[in-house]
Amino acid sequence: MDVTRPKLFDFHGVSMTHFFTDNWDKVQNFKAKPDDIVVATYPKAGTTWMCYLLDLLYFHRTCPEREKSVPIYDRVPFLELVCSPYPTGTDKADSLPTSPRIIKTHLPVQFLPKSFWEQNCRIVYVARNAKDNVVSYFHFDRMEKIQPEPGDWDSFLERFKDGKMVFGSWYDHVCGWWEKKQTSSKIHYMFYEDLVEDTGRELENLCSFLGLSPLEEEKKEIVRCVQFDVMKANPMTNQMDDLTLDFSVSQFLRKGKVGDWKNHFTVAQNEQFDEDYKRKMKNTSLQFREEM
Ligand code: PPS
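Report on the accompanying structure.

Scoring rules and cut-offs
- Residues numbered from 1 in each chain as written.
- Predicted model: local features only at pLDDT ≥ 70, side-chain atom pairs only at ≥ 80, totals over all residues.
- Heavy atoms only, no water.
- Helix = DSSP H or I, 4+ residues; strand = E, 2+ residues; numbered from the N terminus.
- Buried < 20%, exposed > 50% of the residue type's maximum accessible area, 1.4 Å probe, protein only.
- Contact = heavy atoms within 4.5 Å.
- Near = heavy atom within 4 Å.
- Polar contact = N/O pair within 3.5 Å; in protein donor to acceptor, adjacent residues only side chain to side chain.
- Areas by Shrake-Rupley, 256 points an atom, 1.4 Å probe, with all protein chains shown as cover.
- Pairing = 2+ DSSP bridges.
- Axes fitted to C-alpha atoms, helices over the stretch in contact; angles between N-to-C directions.

A short note on the environment of Val 126
Looking at the secondary structure, you find Val 126 in strand β5 (residues 122-127). A relative accessible area of 0% places Val 126 in the buried class. For the pair Val 126 and Tyr 189, spaced 63 residues apart in sequence, the C-alpha separation works out to 6.1 Å. Val 126 has contacts with Ala 40, Thr 41, Tyr 42, Ala 45, Met 50, Met 190, Phe 191, Tyr 192 and Leu 195, leaving out every residue within four places of it along the chain.

Describing the side chain of Thr 17
Looking at where Thr 17 falls in the secondary structure, it is placed in the loop between β2 (14-16) and α1 (24-28). Once you skip the residues sitting within four places of it in the chain, Thr 17 turns out to touch Pro 6, Lys 7, Leu 8, Phe 9, Pro 148 and Val 166.

Details of the site of the ligand
Taken together, 22 residues are adjacent to the ligand, and Thr 47, Thr 48, Ser 136, Tyr 192 and Lys 255 come closest. Side-chain polar atom of Tyr 192 to a nitrogen atom of the ligand: 2.7 Å apart, as the coordinates give it. Interatomic distance of 2.6 Å between a backbone N/O atom of Lys 255 and an oxygen atom of the ligand. In the complex, 97% of the free accessible area of the ligand, which totals 640 Å², lies under the protein chains. Where the shell around the ligand is concerned, the elements lending two or more residues are α2 (47-59), α7 (130-143) and α13 (228-233). Counting residues per element, the shell around the ligand draws most heavily on α2, at 3 residues.

Brief notes about the sheet that holds strand β6 (residues 187-191)
Pairing between sheet strands relies on hydrogen bonds along the backbone, with the strands arranged either parallel or antiparallel. Spatial strand order, β4-β3-β5-β6: 4 strands in an open sheet with parallel pairing. Either end of the sheet is taken by a strand with one partner, and the two such strands are β4 (102-105) and β6. Neighbour-to-neighbour, the strand axes of this sheet turn through a mean angle of 20°, independent of strand direction. In this fold α2 packs onto β3 (37-41), β4, β5 and β6, with an angle of close to 165° to the strand it touches most, β3. Against the sheet, helix α9 (residues 170-181) touches β3, β5 and β6, its axis set at about 135° to β6.

The following block contains the structure:
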């Protein structure tokens, strides 16, 4: 698919591209349903992993045929995405046949359509440590033709620190949602690293939040299906049919590890990053693990 890579621009204080702002009125006026479940993340934090896990949790037993025939990006629409000739995220969400609807967004907390708050919807936020997040984002932007040109690794890292990425600053995103979670029982804040460490435990916690009690064998099956290698081999989750992705450059399910940043950061980059990180994160209680 031939697309022109977009330019970043400032959108109400957040760097964005037109692919995520062209449908802004419809996004902001989106009508949520009380049982909608929102998966909110900064890009490359484990969104697809969580979308698939939730989809299995709700529909593995009741609609197994859907899982074999409908790709995850159609089962869980990306709310703010507009990429012609495909239907918009809001249209896809509006026509979802499932209950609940699981809806993906990368919006920072202040941009979430107000209807989700009014309807008291449950929100699952997944955060990933900054260093692995930026590495994953770099490789993704190399292959994703609807993202701005990534440039080289050194300049990409600087842009990340400056918050000049699509969906803005990682620091503002993870902290904004974390602060909101302190006063909202409807947000379940999860960490990519915890999912890697013990997917079963995280699934248990998620079920408590959602008020679900699947059978032991169902949970086991879900944990099996969401393993990295299993998702990578599954045409419904590996995004191989996404025409905006150039698989000759990188993989969508690339490594799925904690600590891959060590293969990218120089010693000097790491020291500078840590110093800058301390400054930016000094007012939050939010803590990440960069290795395990
Ligand atoms: S996107 O485009 O924002 O929706 O991307 P997102 O799904 O958030 O992030 C992609 C990264 O998540 C990794 N991933 C996983 N890791 C471990 N286990 C499983 N099952 C899994 N599924 C997806 C994926 O590999 C990307 O990370 P990197 O580090 O690039 O491999």
